Amino acid sequence: MAGSAEELVDLLDLERLEVDLYRGKQARTERQRVFGGQVAAQAAVAACRSVDPAFAMHSLHSYFLRPGDTTVPIVYDVERIRDGRSFVTRRVSARQHGRPIYYMTANFQVPEDGFEHQDGMPEVPGPEHGIPLADLVRRQGADAADDWVREWAALDVRHVGVTGMGIAEDPERPARARIWIRVAGELSDDPTVQAAAFTYASDLTLLGAALVPHGITIGSPKLQPASLDHTIWFHKPFRADEWWLYDQFSPFAGGARGLALARVFTQSGELVATVAQEGLIRRHDGRA
């Protein structure tokens, strides 16, 4: 994965092979499969490059079809579904070894004025009071901490709390997790880079919210986790390299799958994005 902001920017800089055809490089990693956030972020860049800058991406909907191979590049093929006066739609296929591993449909809109309302931001400690995720990982041992720094140091992640530990128990919402995140370095003002960097980070912790009531973490050897689909609605422009609160919750888990949703707030309290993901959370103990 990206061990620094510079590596993340390099990872998002796709090679153009032909009109609407791109190749994405792989990050240095010891993981056996490509991180889903990387594929989604690179696909978002490919989609954005086929659209007039007057249009802003307001949503993406995607499916992870096969595990990605970390040893070969990924090819992104953009299909121009629709070019309207107000909205533009693109479909992106990510392929390796001649087979699709990921599909994304992205929609873009010319900015307009309209009715406005939003949820209020929850009362939480600021990021300076959060526990760096690297410190939590370090409790698992030096090797785990070294692995975190090597793979994920491009992101500054601060743990705020989960249900029962930092977040009050709520019988109507038993699975909640809150963290502050930002890219650990300054990115360019390019909206494509900002949106793609956020897309990359949005896949890091979301599925873990579905495990909060069950006493197991996403990295447990007793668990087989995998992202199945991923959706983002971009409500307002914001910077991925400035702190944003990831207010995550899981309304349902069952059938070896978990559904997780998240509201994304800036430090000033603006609701700037909403994210949804369903993922595999299969036990390795024979009960699922």
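Numbering of residues starts from 1 in each chain and follows the order in which that chain's sequence is written. It should be noted that, the model being predicted, local features are given only for residues of pLDDT at least 70 and side-chain atom pairs only at 80 or more, the latter also being counted only at that level, while totals for whole chains, interfaces and linings use all residues. Note that the side-chain values use all heavy atoms of the structure and ignore hydrogens as well as water.

J.: Would you explain the packing of aromatic side chains in this entry?
T.: Note on aromatic pairs: each is described by the distance of the centres and the angle between the planes. In this scheme Phe, Tyr and Trp rings, the latter by its six-membered ring, pair at centre separations within 6.5 Å, and the angle between planes marks the pair as stacked below 30 degrees, edge-to-face above 60, and tilted otherwise. By the definition in use, this model includes seven aromatic pairs. Taken together, a centroid distance of 4.8 Å and an interplanar angle of 80° make the contact between Phe-35 and Trp-152 edge-to-face. Of this pair, Phe-35 sits in the loop between strand S2 (21-24) and helix H2 (36-48) while Trp-152 sits in helix H4 (residues 142-152), placing them 117 residues apart in sequence. In terms of burial, Phe-35 and Trp-152 fall into one category: buried. Ring centres of Phe-198 and Phe-234 lie 6.0 Å apart, and the angle between their planes is 70°; on these two criteria the pair is classed as edge-to-face. Of this pair, Phe-198 sits in helix H5 (residues 191-202) while Phe-234 sits in strand S11 (residues 223-234), placing them 36 residues apart in sequence. Put simply, DSSP marks the helices as runs of H or I at least four residues long and the strands as runs of E at least two long, and each gets a number from the N terminus on. Burial status follows relative accessibility: with a 1.4 Å probe on protein chains alone, a residue under 20% of its type maximum counts as buried, one over 50% as exposed, and anything between as partly exposed.

J.: Looking at this structure, how should I read the UniProt feature "domain: Acyl-CoA thioesterase-like N-terminal HotDog" (unreviewed entry) in the protein chain?
T.: UniProt positions are given in the numbering used here, feature names are shortened, and annotations may be inferred rather than shown by experiment. Following the UniProt record, the feature "domain: Acyl-CoA thioesterase-like N-terminal HotDog" (unreviewed entry) maps to residues 33-109 here. The span residues 33-109 carries 17% helix and 52% strand; its end-to-end C-alpha distance comes to 33 Å.

J.: Looking at this structure, I do not really get the packing of H2 against H5. What am I missing?
T.: The description of two helices packed together rests on the angle between their axes and the distance between the axes. Close contact between H2 and H5 brings their axes to 7 Å; oriented N to C, the two are set at 160°. With respect to their mutual orientation, H2 and H5 come out roughly antiparallel. Read as a crossing pair, H2 and H5 show a hand that is right-handed. Together, Gly-37, Gln-38, Ala-40, Ala-41, Val-45 and Cys-48 of H2 and Thr-192, Ala-196, Thr-199 and Tyr-200 of H5 make up the contact between the two elements. To get an axis, fit a line to the C-alpha atoms, keeping to the stretch in contact for a helix; angles then go from 0 to 180 degrees between the N-to-C directions. Oblique is the label for any angle not under 35 degrees, not over 145, and not in the 65 to 115 range, which are roughly parallel, roughly antiparallel and roughly perpendicular in turn. Take the far helix as the reference: if the near one is turned anticlockwise from it by less than a right angle, the crossing is left-handed, and if turned clockwise, right-handed. In what follows, a contact means two residues having at least one pair of non-hydrogen atoms within 4.5 Å.

J.: I keep staring at unusual backbone geometry and nothing clicks. Help me out?
T.: Leaving glycine out, the prevailing phi sign among residues is negative, and the prevailing peptide bond configuration is trans. Although it is not a glycine, Asp-20 adopts a positive phi angle of roughly 65°. Tracing the chain through its elements places Asp-20 in the loop between strand S1 (15-18) and S2. For His-97, which is not glycine, the phi torsion reads 55° and is therefore positive. Tracing the sequence through the fold places His-97 in the loop between strand S5 (87-96) and strand S6 (99-109). His-97 sits in the exposed class, given a relative accessible area of 59%.

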